[in-house]
There are 2 protein chains.
Amino acid sequence: MKVLTKNTDYAIRALLALAARKGSYLSAKSIATEHDIPYQFLRRLLQEMIRHNLIVSKEGVQGGFMMQKDPDEITVTQLIEIFQGKVQVSECMFRKQICGNRANCVLRHEIMRIESVVQSEFEKVTIGKLLRDLEAANKVNPTAATIS
Amino acid sequence: MKVLTKNTDYAIRALLALAARKGSYLSAKSIATEHDIPYQFLRRLLQEMIRHNLIVSKEGVQGGFMMQKDPDEITVTQLIEIFQGKVQVSECMFRKQICGNRANCVLRHEIMRIESVVQSEFEKVTIGKLLRDLEAANKVNPTAATIS
DNA sequence: TTAATTGATACTAATATAGTATCAGATGAG
DNA sequence: CTCATCTGATACTATATTAGTATCAATTAA
Ligand code: FES
Ligand code: FES
C-alpha cells in the first residue's frame, strides 16, 4: 500500500524548493534538474498548484514560479487531496443497495474514524515545518540533510 | 486516495461471514451470493487466506471454508499487508542516489512516523471486534446493521 | 528579434486493480 | 460407484490509475 504517489511526492519537493527561495522566481527546469523530477510532469503539477493558489508564475525569460500561500498553511493533507483525491479509506458508501443503513454499519464506523486519524496526521505536516526541519538539519551538518 | 481496495474489502466481509459461523464450513458460492462478491474473485482471496493460515478449507460436496485463526488475532493491518502489500507512505527509500543520507532526511522522518500511526490504527481493528460490534448492532435493531 | 520561459492539452507507457474462465482433483450423497 | 458439488491452481481479459512524454501557442526580458 503506497500512500503518497509521485504526484504528491514531487509536489512536496517542488514546494520545499520554492519555499526555500521565497520572493524570487524559480523555473520549472531548474527545479526539475535539481530534484530529479521529470520536467513535463513537474510542469503539470506546478500548474495545478497555481490553480489552487499555492504558488504564482511569471511567463517569459527570467520567469518561473514563486510561493504565494504561507508554507505553514500548506499541509500534506491538502496536497494529497489535490493530487490523489480526498482521503477515503473505503469506497463502499458509493455502492447502492448494499448498506441500506449506513449509519449503523460498524465497518463504516471504523473506517470513518481511521480516515480522520490519517487526515489529521498529514495535517500536522506543513511545508513550513518540513523546511525548518530541513534547515535545522543543514545547520548541524551541511552535507547530511537533503530534501529528496 | 483510496486506502482499502476491493481485495481487502471483500476479504473482510468474507472473514466476518466465516467468523459468524465458526465451526462449520461455508462455501465460496454462498459467501459470494450472500455478500455480492464476484465468485471467482472471492475464491482467489480465500485461497490466499488459506496460505496465510487465517482459514482452512475442505474440498468436495459439503466442503467450503472455515475460520482457523482466532478472529481477535486477525487485524486489518494484516489483511492490508496480504492483499495490498506492506503499508508504506512513500517509496522514496527504494530510489538510489537521491537520499544519500536517509537517516537525516526530514521528509522520511515524518513519513515513518505517519506510517506507524496508520498501521497501529488499523491494528486496533480486528475481525473479532467488528463481528461483536455487528452482533451488538443487530441485537438492538435486527434489520438495521449489515456487514456490507 | 529571439531565446527562455509558462499555458494548455493531447498522447503514450507502465502498473495496479478488478473481474472472468477453465480444468483438474477431491468427496459426500445417493 | 458415479456424479453433482465443491476447492486448487492458474491463466486470461478488462479497466483504472499512475507515470511520463510531446507539442505548440503565448509571453517577456535581454
Ligand atoms: S529518504 Fe526519501 S525523501 Fe529522503
Ligand atoms: S457503509 Fe460500507 S460497508 Fe457499510
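See the structure above.
Computed from a predicted structure; not experimentally measured.

Thresholds, definitions, all that
- Counting from 1, residues in each chain are numbered in the order their sequence is written.
- Chains carry letters and ligands carry numbers; both start at the beginning, A for chains and 1 for ligands, and go up in the order they are written.
- Residue-level local features of this predicted model are given only where pLDDT is at least 70; pairs of side-chain atoms are given and counted only at 80 or more, and the full residue set underlies all totals for whole chains, interfaces and linings.
- The side-chain values count all of the structure's non-hydrogen atoms but skip hydrogen atoms and water molecules.
- Secondary structure elements follow DSSP: runs of H or I no shorter than four residues count as helices, runs of E no shorter than two count as strands, and numbering proceeds from the N terminus.
- For every residue, the accessible area obtained with a 1.4 Å probe (protein chains only) is divided by the maximum for its type, and the residue is called buried under 20%, exposed over 50%, and partly exposed between those limits.
- Between two residues, a contact is recorded if the distance between any of their heavy atoms is within 4.5 Å.
- Computed by Shrake-Rupley with a 1.4 Å probe, the accessible areas treat only the displayed protein chains as cover when residues are assessed.
- Put simply, a residue is near a molecule or strand once any heavy atom of it comes within 4 Å of that molecule or strand.
- Counting of polar contacts relies on pairs of N or O atoms within 3.5 Å, with two restrictions inside protein: one atom must be capable of donating a hydrogen and the other of accepting it, and residues adjacent in sequence are counted only when both atoms are side-chain atoms.
- Basically, the charged four are Asp, Glu, Lys and Arg, the nonpolar ten are Ala, Val, Leu, Ile, Met, Phe, Trp, Tyr, Cys and Pro, and anything else, Gly included, counts as polar.
- By definition, a salt bridge exists where a carboxyl oxygen of Asp or Glu is found within 4 Å of a side-chain nitrogen of Lys or Arg.
- Aromatic rings from Phe, Tyr and Trp, with only the six-membered ring used for Trp, were paired whenever their centres fell within 6.5 Å, and each pair was classed as stacked if the ring planes differed by under 30 degrees, edge-to-face if by over 60, and tilted otherwise.
- Note that the arc is defined by the directions from the helix axis to the C-beta atoms.
- Paired strands, in this sense, are two strands between which DSSP finds at least two bridges.

(A) Main features of the overall build of chain A. Regarding its fold elements, chain A presents 6 helices and 2 strands. Starting at the N terminus, the α and β elements of chain A follow one another as α-α-α-β-β-α-α-α. Considering chain A as a whole, with its 148 residues, one finds that 51% of them fall into the buried category. Long-range contacts, defined as pairs at least 24 residues apart, comprise 67% of the intrachain contacts of chain A with a sequence gap of at least 6. Total accessible area on chain A is roughly 7,500 Å²; 50% of this is exposed by carbon and sulfur atoms.

(B) Quick look at the protein's contact with DNA strand C. Residues in close proximity to DNA strand C total 27 residues, the closest being A:Ala28, A:Ser57, A:Phe65, B:Lys6 and B:Arg44. Among atoms of DNA strand C positioned within 4 Å of the protein, sugar and phosphate together represent 48%. Within the side chain of A:Arg44, one N or O atom sits 3.3 Å away from a base nitrogen of DNA strand C. Those elements that provide at least two residues to the surface near DNA strand C are helix H3 (39-51), strand S1 (55-58) and strand S2 (64-67) of chain A together with helix H1 (6-20) and helix H3 (39-51) of chain B. Among the elements that make up the surface near DNA strand C, the one with the highest residue count is H3(A) (5 residues). Residue composition of the surface near DNA strand C, grouped by class: 9 nonpolar, 10 polar and 8 charged.

(C) Here's a closer look at the pattern of salt bridges. Inspection of every chain in the model, using the stated rule, returns 16 salt bridges over all chains. Here A:Glu121 makes a salt bridge to B:Arg113, at a shortest N to O gap of 2.4 Å. Linking A:Glu121 in helix H5 (residues 106-123) with B:Arg113 in helix H5 (residues 106-124), this pair reaches from one chain into another. B:Glu121 is the salt-bridge partner of B:Lys124, the closest N and O atoms lying 2.7 Å from each other. One end of the pair, B:Lys124, and the other, B:Glu121, are both in helix H5, 3 residues apart, so they sit about a helical turn from each other. Taken together, the shared-partner salt bridges in this structure form one network comprising A:Arg113, B:Glu121 and B:Lys124.

(D) The packing of aromatic side chains, seen in detail. All names here are of chain B. Under the criterion given, the structure shown has 2 aromatic pairs over all chains. Ring centres 5.6 Å apart and planes at 90° place the aromatic pair Tyr10 and Phe41 in the edge-to-face group. Note that Tyr10 is positioned in helix H1 and Phe41 in helix H3, a separation of 31 residues in sequence. On the basis of relative accessible area, Phe41 is assigned to the partly exposed category, the value being 26%.

(E) The arrangement of the environment of B:Val3 in detail. Residue placement: B:Val3 occurs in the segment before H1. C-alpha separation for the pair B:Val3 and B:Gln84, spaced 81 residues apart in sequence, amounts to 9.3 Å. Setting aside its immediate chain neighbours within four residues, B:Val3 contacts A:Met1, A:Gln88, A:Val89, B:Gln84 and B:Phe122.

(F) Structural view of the protein's contact with DNA strand D. Residues in close proximity to DNA strand D total 28 residues, the closest being A:Lys6, A:Arg44, B:Arg43, B:Ser57 and B:Phe65. In DNA strand D, the atoms that sit within 4 Å of the protein are 52% sugar and phosphate, with bases accounting for the remainder. Between a base oxygen of DNA strand D and a main-chain N or O atom of A:Val61, the distance comes to 3.3 Å. Element by element, the count of residues in the surface near DNA strand D is highest for H3(B), at 5 residues. Here the residues of the surface near DNA strand D are counted per class, giving 9 nonpolar, 10 polar and 9 charged.

(G) Region of the structure containing helix H2 (residues 28-35) of chain B. All names here are of chain B. Restricting attention to buried positions, one finds in H2 the residues Ala28, Ile31, Ala32 and His35. Buried residues of H2 fall within an arc of 100° about the axis and therefore sit on the same side. Residues of H2 that are exposed and point more than 90 degrees away from the buried face comprise Lys29, Thr33 and Glu34. Against H1, H3 and strand S2 (64-67) lie the buried residues of H2. Directly after H2, the chain includes Asp36, whose backbone phi takes a positive value near 60°.

(H) Summary view of the pairing of S2(B). Residues and elements named next belong to chain B. Burial along S2 is two-sided: the residues Gly64 and Met66 and Phe65 and Met67 are all buried. As defined by bridge partners, strand S1 (residues 55-58) adjoins S2 across 4 bridges and the pair is classed as antiparallel. Bridging from a neighbouring strand, Ser57 pairs with Phe65 of S2. Between S1 and the antiparallel strand that follows it, S2, lie 5 residues; Gly60 among them carries a positive phi value of about 80°.

(I) Inspection of the side chain of B:Thr126 at higher detail. Counting through the fold element by element, B:Thr126 comes out in the loop between H5 and helix H6 (127-140). Here B:Thr126 is in contact with B:Pro71, B:Asp72, B:Ile74 and B:Thr75, once residues within four sequence places are set aside.

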